[in-house]
Amino acid sequence: MDGVTGTRVRAEARIVARADGRGGTALPVLDGEGPLALRRTRAQGTEARVMVVGAMSAPLGGDHLTLSARVEEGARLHVGSAAATLALPGQTKAEAHYDVRLDVADGGELHWLPEQLISANGSDLRVSTRAELGAGARLVLREEQVLGRAGEEPGRLVSRLTVRIAGRAVLDQQVSCGPGAPGGWDGPAVLAGHRAVGQLVLAGPEFADRPADARMLGECAALVPLAGPAVLVSAVAPDALRLRRLLDEAAALLAR
Amino acid sequence: MSRAALLVLADGRFPAGGHAHSGGAEAAVKAGRVTCAASLEDFCRGRAHTAGLVAGALAAAAVLGMDAAELDAAADARTPSPALRAAARRLGRQLLRAARASWPSDELDALAGAFPKGAHQPVVLGLAARAAGLGPEDAAYCAAYESVSGPATATVRLLSLDPFDATGVLARLAPELDRVADSAVEAARRAVTEGVDALPAASGPLLEVGAEWHAAWPVRLFAS
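Residue positions are counted from 1 within each chain, in the order its sequence is given. Each chain is given a letter, starting from A, and each ligand a number, starting from 1, according to the order in which they appear as written. The predicted nature of this model means local features are confined to residues of pLDDT at least 70 and side-chain atom pairs, given and counted, to a pLDDT of 80 or more, with totals for whole chains, interfaces and linings taken over all residues. Heavy atoms from the whole structure form the basis of all side-chain values; hydrogens and water molecules are not counted.

**Student:** I would appreciate a short explanation of the overall build of chain A in the present structure.
**Tutor:** In DSSP terms, a helix is any run of H or I states spanning at least four residues, a strand is any run of E spanning at least two, and both are numbered starting from the N terminus. The number of helices and strands found in chain A is two helices and 19 strands. The C-alpha radius of gyration of chain A comes to 18 Å, within 12% of the 18 Å expected for a compact globule of 256 residues. Expressed as lengths along the three principal axes of its C-alpha atoms, the size of chain A is roughly 50 × 45 × 30 Å. The buried label applies to any residue whose accessible area, calculated with a 1.4 Å probe on protein chains only, is under 20% of its type's maximum; exposed applies above 50%, and partly exposed to all values in between. Among the 256 residues that make up chain A, the fraction classed as buried is 56%. Every residue pair with non-hydrogen atoms within 4.5 Å of one another is taken to be in contact. A separation threshold of at least 6 residues defines the contact pool for chain A, and within that pool the share at least 24 residues apart is 69%. For accessible areas, the Shrake-Rupley method is used with a probe of radius 1.4 Å. Any residue's cover is judged against the shown protein chains and nothing else. Approximately 10600 Å² of chain A is accessible, and the part contributed by carbon and sulfur atoms is 49%. This count recognises Lys and Arg as positive and Asp and Glu as negative, with His and chain-terminal groups excluded. Every charge is mapped onto a representative atom, which is NZ of Lys, CZ of Arg, CG of Asp or CD of Glu. Across chain A, the centroid of the 29 positively charged side chains sits 2 Å from that of the 30 negatively charged ones. Here the radius of gyration uses the C-alpha set of atoms, whereas the globule reference equals 2.2 Å times the residue count to the power 0.38.

**Student:** Just to check I follow, could you spell out the overall build of chain B for this structure?
**Tutor:** Looking only at helices and strands, chain B has 10 helices and zero strands in total. Each helix and strand of chain B, placed in order from N terminus to C terminus, yields the pattern α-α-α-α-α-α-α-α-α-α. Its C-alpha atoms give chain B a radius of gyration of 16 Å, within 12% of the compact-globule value 17 Å for 224 residues. Taking contacts inside chain B between residues at least 6 apart in sequence as the whole, the part at least 24 apart equals 82%.

**Student:** What should I look at first to understand helix α4 (residues 68-77) of chain B in this one?
**Tutor:** In terms of burial, α4(B) is a largely internal element, eight of the 10 residues being buried. Taken as a whole, α4(B) has its buried residues at B:A68, B:L71, B:D72, B:A73, B:A74, B:A75, B:D76 and B:A77. Its buried side turned inward, α4(B) meets β15 (168-177) of chain A together with α3 (37-63), α5 (82-102), α6 (106-114) and α7 (121-131) of chain B.

**Student:** Which parts of the structure should I look at to understand the nonpolar core?
**Tutor:** In terms of nonpolar packing, the biggest core is built from 132 residues, with A:L77, A:V163 and B:L9 touching the most fellow members. With 15 residues, the single largest contributor to this core is α3(B). Contacts of B:L9, omitting those with residues within four sequence positions, involve B:F14, B:L95, B:W103, B:L125, B:A128, B:A129, B:L134 and B:C142. Buried Ala, Val, Leu, Ile, Met, Phe, Trp, Tyr and Cys residues form a nonpolar core when they are joined through side-chain atoms within 4.5 Å.

**Student:** Please clarify how the pairing of strand β6 (residues 64-71) of chain A should be interpreted in this entry.
**Tutor:** Along any regular strand the residues' side chains alternate between the sheet's two faces. Residues and elements named next belong to chain A. With seven of eight residues buried, β6 lies mostly within the body of the structure. Paired strands, in this sense, are two strands between which DSSP finds at least two bridges. Bridge count for strand β2 (residues 8-19) against β6 is eight bridges, and the pairing is parallel. Residue I15 lies in a different strand from β6, and its bridge partner there is A69. As defined by bridge partners, β6 adjoins strand β9 (residues 96-104) across eight bridges and the pair is classed as parallel. Paired with V71 across the two strands is V104, which belongs to β9.

**Student:** Looking at this structure, I do not really get the packing of aromatic side chains. What am I missing?
**Tutor:** The geometry of an aromatic ring pair is captured by two quantities: the separation of the ring centres and the angle between the planes. Residues and elements named next belong to chain B. Any Phe, Tyr or Trp ring, taking Trp's six-membered ring, that has another such ring centre within 6.5 Å forms a pair; planes under 30 degrees apart are called stacked, those over 60 apart edge-to-face, and the others tilted. Inspection of every chain in the model, using the stated rule, returns two aromatic pairs over all chains. Ring geometry for F14 against W103: centres 5.8 Å apart, planes inclined by 25 degrees, an arrangement best described as stacked. Highlighted residues: F14 in the loop between α1 (4-10) and α2 (25-30) and W103 in the loop between α5 and α6, separated in sequence by 89 residues. For the pair F14 and W103, a shared accessibility class is recorded, and that class is buried. When the ring of W213 is compared with that of W217, the centres are 5.0 Å apart and the planes differ by 90 degrees; the resulting orientation is edge-to-face. Charge-over-ring contacts are defined here by two conditions on Lys NZ or Arg CZ: a distance within 6 Å of the ring centre and an angle within 35 degrees of the ring normal. For K30, the ring lying beneath its charged end belongs to W217, and the centroid distance is 4.4 Å.

**Student:** What am I meant to see in the pairing of strand β19 (residues 230-237) of chain A here?
**Tutor:** Residue and element names in this part refer to chain A. Most of β19 sits out of view: eight of its eight residues are buried. Of the two faces of β19, the one holding A230, L232, S234 and V236 and the one holding V231, V233, A235 and A237 are both buried throughout. With eight bridges connecting them, strand β16 (residues 196-203) and β19 associate as antiparallel partners. Directly across from L200, in β19, lies its bridge partner V233. The pairing of strand β18 (residues 221-225) with β19 spans five bridges and is antiparallel.

**Student:** Would you take a moment to explain helix α8 (residues 136-159) of chain B for this structure?
**Tutor:** Residue pairs spaced three or four apart in an α-helix point in one direction, given the helix's 3.6 residues per turn. Residues and elements named next belong to chain B. For a helix, the expected span equals 1.5 Å multiplied by the number of residues minus one. Taking 1.5 Å of rise per residue, the 24 residues of α8 would be expected to cover 34 Å, and the 35 Å separating its terminal C-alpha atoms lies within 8% of that figure. The seven residues ending at a residue and the seven starting there each receive a fitted axis; the angle between those axes is the bend at that residue. If you look at α8, its biggest bend is around 30 degrees, right at E146. Within two residues after α8, S160 carries a phi angle of roughly 50 degrees, on the positive side.

So this is what it looks like as structure tokens:
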């Protein structure tokens, strides 16, 4: 950890997954820091599994967290988190930053499936998730933003998700919500009172040959082929539970 | 430059096919999310700060001379709905035809050659503004205004909303459109030095999802 300066935390956690040459995946780098503790859990087949465990309350206002994962050629990595991430107000008025950097080489596969991010009342967080994939890389990524704990007004949340394949952006989307967000964020063009927003991205060379067909999943979720070998499920729901159910259904549909 | 060229380009009667599109209003009306002037205003406000901002920045960046193919790819990444990507290209193709007739230029000819199926409308809008001798602010204003004028006009037809109320909505949004156009131009100028990633990517999940729902209807009044 670069340290705790005053009341602000700067922390950077890193994972590197490498094919171990025996059909499995090794983790030569598994460095947690500060609030981001990393635990290796039991492998499943050729896939290494890592759990992100919150070791202290974060992100709070002014904190800057960075979590990066690199999956090398032929390696398979699954990353989950032990609990939802709760953005809370800090002692400073400053915004918090949470950056996620994912890098998957040709022939590598990453399943990035953290629990929800909850934007608590009074918090102010900028999330940036960037996935850089090689032409032959595979990715399954889920992000869920929950606006406020139960019955609570949300904090300010800006979340940008960018996926690049072979250097070309196939998805670049930002959601801004909560007090101070540009007008209309809770209106009929953006969230219309829904309190949970989610994205599920699947990318891989198989989508180049067989692009997914666009389809609706209920009234407030759609599965769409992107302009590249990837598919997006975009959903809004009244709460975290119903959002997860929608995204799980979509994932099951895509796994067929 | 001629400032009046801006009026020609921004005129709803400019033959670029925009009248056939509701900017997501038809889906929002059918879903019961837009029911009156107040909810139309909220819809338009959300659209201006998402689709309007992105379109404004793409158009301004095209006026500033950024590569059209790069901007078109950036527009693709910012438009996950294939129905909206198709609509944007169709509108781009129609606008390019009108623009080439109005302000003949080598750049517009080259764009037509490079994108036979049409480039994203905001990219064409920017190059049309450039051919007309207009600046990045003008193109951003055009895009920001179009992002709300289309839905407002469509809602008059969809809900039999009083046209005076719809125009009132647009007038009340004017100060916000100024801010959208300003941020769009600022981002476009940044993109010139930092690349297309500096362009905004603001999105309205319900605009994207609604567009897919709308595209699947067998009968509809508007193309998108």
